[in-house]
Amino acid sequence: MNTVFKNAKRLMEDGSLEQCELKVEKGNITTIAPIVPENGDDVIDCNGRLLLPGFVDVHVHLREPGGEHKETIATGTKAAARGGFTTICAMPNTNPVPDNPETVVELLEKVKQNAAVRVLPYVSITEGLKGEKLTDIENLSQMSVFAFTDDGVGVQTADQMLEAMSQAAANGNPVVAHCEDNSLVYEGVVHQGEISTRMNLPGIPSVSESVQIARDVLLAEVTDCHYHVCHVSTKESVRVIRDAKKAGIQVTAEVTPHHLLLNEHAITADDANFKMNPPLRSPEDQEALLEGLLDGTIDCIATDHAPHAESEKVSGFRTAPFGITGLETAFPLLYTYFVRTGKINLKQLVDWLTIKPAGIFQLPYGRLEEGGVADFTLVSFDEENKVDRNALYSKGKNTPFHGWTVRGIPSMTVVNGDIVYKEDAHD
Ligand code: DOR
């Protein structure tokens, strides 16, 4: 059946809003123009809401297989749909790790059975994320693998990263890196700075991240590999990436909503909902991240959605696992605290969540166009809500944003022409 979405608005290139009607046939957008529905068409009234391209998140932890008490493919993708995300890229720090053709096929099968939105799984750079033996990058590249990463841990030696980049480049795939030099981490649990001193907690120095990015951009240069940096958190990292881009090195980078919205001073108690890796850094770092986004050094926003069980997070900063949930809060928080305050405009935010991340990996998503895939999200700007950790669809309730006031709530999400999320109140 064909579906006509009537009475919507869309965001134009120049940032203006325009009335819009859209027809979907067999998962694709066939028409964006005034439409006279035909007999048998399903007609959906969008109530004047803004219809945006579906958001694309290139950094999500779904936990399945192996960590189903934290999240499953079903719960994580429902959370994604509720957050307006239509394509998400799943990190490989699961058990087993997708590091060989069998585990990749099994994972793709689980995704097919359970996912509410499109999931593109990353494959690991090293077997079991152990940093010992490279995966069979050539062979795995023949499968529908779009990028390799050991996210959760850094690749510790330059020779291993050099070899991984050479092989990935030869097979036309990017290498995506969590940058962390273990020899500089000193078992830290927060940023090494004012708060680590005040709370007497072991600190993670900024240089543990930036030193590895500096190494890797040089390796990307000699291997001609596309190198993508995960969750940039320090001003020095931004500077290294900016310089590498100027030098013509193929580097792209992402920043999380929490590193944009918060800094170490948000930590006022031993509450592990503020514990993530990389940690919340200084106000100067936070400022540099926004500057990096605005000048194009950082290419996109990615959530690093990292759900953990309540029982794991209650133990406090010293022992709780790193990570916070992000899929359901990303757009409303960034819209409320960055667009509404005038720090950025809506077009910039939408681009950093759609066309920019899709463009990094040449994915055919993140835009609204005739002939394109019918992935979109309707957003309501009318009412004010409060982030409620207990109401999250994600199994992970570990958010530092509980109680924050937000506007700009996704009210319907469509993937491949199918409605995968609809806010009850707007039925
Ligand atoms: O905070 C984080 N959580 N950072 C990571 O690198 C891993 C992630 C996780 O898997 O929980």
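As recorded by an unreviewed UniProt entry, the chain carries the name Dihydroorotase and is attributed to Lentibacillus juripiscarius. According to its UniProt record, the chain has this under Catalytic activity (unreviewed entry): "(S)-dihydroorotate + H2O = N-carbamoyl-L-aspartate + H(+)". Heading Function (unreviewed entry) of the UniProt record for the chain holds this comment: "Catalyzes the reversible cyclization of carbamoyl aspartate to dihydroorotate."

Asker: Residue-level account of the environment of Asp150, with values.
Answerer: Structurally, the position occupied by Asp150 is in the loop between β9 (148–149) and α4 (158–170). Asp150 has contacts with Ser124, Ile125, Thr126, Leu129, Val155 and Val176, leaving out every residue within four places of it along the chain. Reaching out from Asp150, the side chain makes a polar contact with the side chain of Thr126 at a distance of 2.6 Å.

Asker: An account of the nonpolar core is requested, with residue identities and associated values reported.
Answerer: Among soluble globular proteins, nonpolar side chains are generally buried collectively. Grouped together as the largest cluster of nonpolar side chains are 88 residues, with contacts concentrated most on Ile88, Tyr227, Val229, Leu260, Ile301, Phe331 and Leu349. Element by element, the count of residues in this core is highest for helix α11 (residues 330–339), at seven residues. In terms of nonpolar packing, the next biggest core, distinct from the first, is built from 18 residues, Cys89, Met91, Cys300 and Val373 among them.

Asker: Please provide a residue-by-residue account of the sheet that holds β9, values included.
Answerer: Pairing is parallel in the open sheet, where five strands are placed in the order β9-β10-β13-β14-β15. Unpaired on one side and paired on the other, β9 and β15 (300–301) mark the two borders of the sheet. Two strands pair when backbone bridges link them, and strand β13 (residues 227–229) and strand β14 (residues 251–255) are joined in this way by three bridges, in the parallel orientation. By the bridge assignment, Val229 is partnered in β14 with Ala253. Lying over the sheet, helix α6 (residues 207–223) contacts β10 (175–177), β13 and β14, oriented at roughly 165 degrees with respect to β13.

Asker: Which residues make up the pattern of salt bridges, and what are the values?
Answerer: All chains considered together, the criterion is met by 16 salt bridges. For Glu312, the salt bridge identified is with Lys70, shortest N-O distance 3.0 Å. On the criterion of sequence distance, the pair formed by Glu312 in helix α10 (residues 310–313) and Lys70 in the loop between β6 (55–60) and α1 (73–82) is long-range, its members being 242 residues apart. Overall, Lys70 belongs to the buried group, its relative accessible area being 13%. Arg389 serves as the salt-bridge partner of Glu310, at 3.1 Å between the closest nitrogen and oxygen. Highlighted residues: Glu310 in helix α10 and Arg389 in the loop between β17 (385–386) and β18 (405–406), separated in sequence by 79 residues.

Asker: Tell me about the site of the ligand, residues and numbers included.
Answerer: All residues in the neighbourhood of the ligand are listed as His61, Arg63, Asn93, Gly152, His178, Met276, Asn277, Asp304, Ala306, His308, Phe322 and Gly323. Note that a nitrogen atom of the ligand is positioned 2.7 Å from one of the backbone N or O atoms of Asn277. In the environment of the ligand, an oxygen atom lies 3.0 Å from a nitrogen or oxygen atom belonging to the side chain of His308. Starting from 290 Å² of accessible surface for the ligand in isolation, the protein chains cover 93%. Among the residues forming the shell around the ligand, the class breakdown is three nonpolar, seven polar and two charged.

Rules used in this analysis
Residues numbered from 1 in each chain as written. Predicted model: local features only at pLDDT ≥ 70, side-chain atom pairs only at ≥ 80, totals over all residues. Heavy atoms only, no water. UniProt positions renumbered as here; feature names shortened; annotations may be inferred. Helix = DSSP H or I, 4+ residues; strand = E, 2+ residues; numbered from the N terminus. Contact = heavy atoms within 4.5 Å. Polar contact = N/O pair within 3.5 Å; in protein donor to acceptor, adjacent residues only side chain to side chain. Core = buried A, V, L, I, M, F, W, Y, C linked by side-chain atoms within 4.5 Å. Buried < 20%, exposed > 50% of the residue type's maximum accessible area, 1.4 Å probe, protein only. Pairing = 2+ DSSP bridges. Axes fitted to C-alpha atoms, helices over the stretch in contact; angles between N-to-C directions. Salt bridge = Lys/Arg side-chain N within 4 Å of Asp/Glu carboxyl O. Near = heavy atom within 4 Å. Areas by Shrake-Rupley, 256 points an atom, 1.4 Å probe, with all protein chains shown as cover. Nonpolar A, V, L, I, M, F, W, Y, C, P; charged D, E, K, R; others polar.

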